[in-house]
Each structure stands twice: as C-alpha cells, then as structure tokens.
Amino acid sequence: MTYYEKLQSVGLPDTRINSLYDAADTVHSAIALLDPENIELVKKHFPELMAVANQFGNMEPMLRSWDDN
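None of the values given here were measured: they were computed from a predicted structure.

Engineer: Looking at this structure, I do not really get helix H4 (residues 47–59). What am I missing?
Structural biologist: Side chains of residues three or four places apart in an α-helix project in the same direction, reflecting 3.6 residues per turn. Counted at 1.5 Å a residue, the expected span for H4 with its 13 residues is 18 Å, and the 18 Å between its end C-alpha atoms agrees. Of the residues making up H4, those classed as buried are Met50, Ala53, Asn54, Phe56, Gly57 and Met59.

Engineer: Mind showing me how you'd approach helix H2 (residues 14–32) here?
Structural biologist: Here H2 is 19 residues long and its end C-alpha atoms lie 28 Å apart, about the 27 Å a rise of 1.5 Å per residue gives. On the buried face of H2, the contacting elements are helix H1 (3–9), helix H3 (36–45) and H4.

Engineer: Before we go on, may I ask you to explain the nonpolar core in this structure?
Structural biologist: Soluble globular proteins tend to pack their nonpolar side chains together in the buried interior. Listed in full, the seven residues of the largest apolar core are Tyr3, Leu7, Ile17, Tyr21, Ala24, Phe56 and Met59. Mapped onto this core, the elements with two or more residues apiece are H1, H2 and H4. Among the elements that take part in this core, H2 stands out by supplying three residues, more than any other. Ignoring any residue separated from it by four or fewer positions in sequence, one finds Ile17 in contact with Tyr4, Leu7, Gln8 and Leu12. Counting residues in each nonpolar core, the second largest holds six residues, with Val42, Met50, Ala53 and Trp66 among its members.

Rules behind the numbers
- Residues numbered from 1 in each chain as written.
- Predicted model: local features only at pLDDT ≥ 70, side-chain atom pairs only at ≥ 80, totals over all residues.
- Heavy atoms only, no water.
- Helix = DSSP H or I, 4+ residues; strand = E, 2+ residues; numbered from the N terminus.
- Expected span 1.5 Å × (residues − 1).
- Buried < 20%, exposed > 50% of the residue type's maximum accessible area, 1.4 Å probe, protein only.
- Contact = heavy atoms within 4.5 Å.
- Core = buried A, V, L, I, M, F, W, Y, C linked by side-chain atoms within 4.5 Å.

Written out as structure tokens, the structure is:
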C-alpha cells in the first residue's frame, strides 16, 4: 500500500489527501538531501519529522528510509 492509498484508506477527506501527501513527500525529500551528520541532528531534535519521512519512504516504491531497524 502506498502512502497515498493509506491516506485514502483511513477515511481522510479527498480534499486534504493531496496536501498531506505532498507535505510528507517534501519532508522526505528535504531529509534525503542532508548529509549523514545532519540526518542525525534531525533524528535527535525532530524525531516526528523522521517518523514522517520514514513512513513515507517505507510506503513509496523506490524511496529509502532511515529506520534504525
């Protein structure tokens, strides 16, 4: 299931799904452009952003995540 499909499946309004998807994509893209040292700073100080990026990366084909697992 993709991130978009997950947003749909939980019953969010269709009028908000694109915005939420785009926001998660933007967070993921921003973190993907960081070097490893700065990724560690985001993990430490903004774990909620890492959670969004990881969930998005795990659900979208061809994207990565930074899960510690």
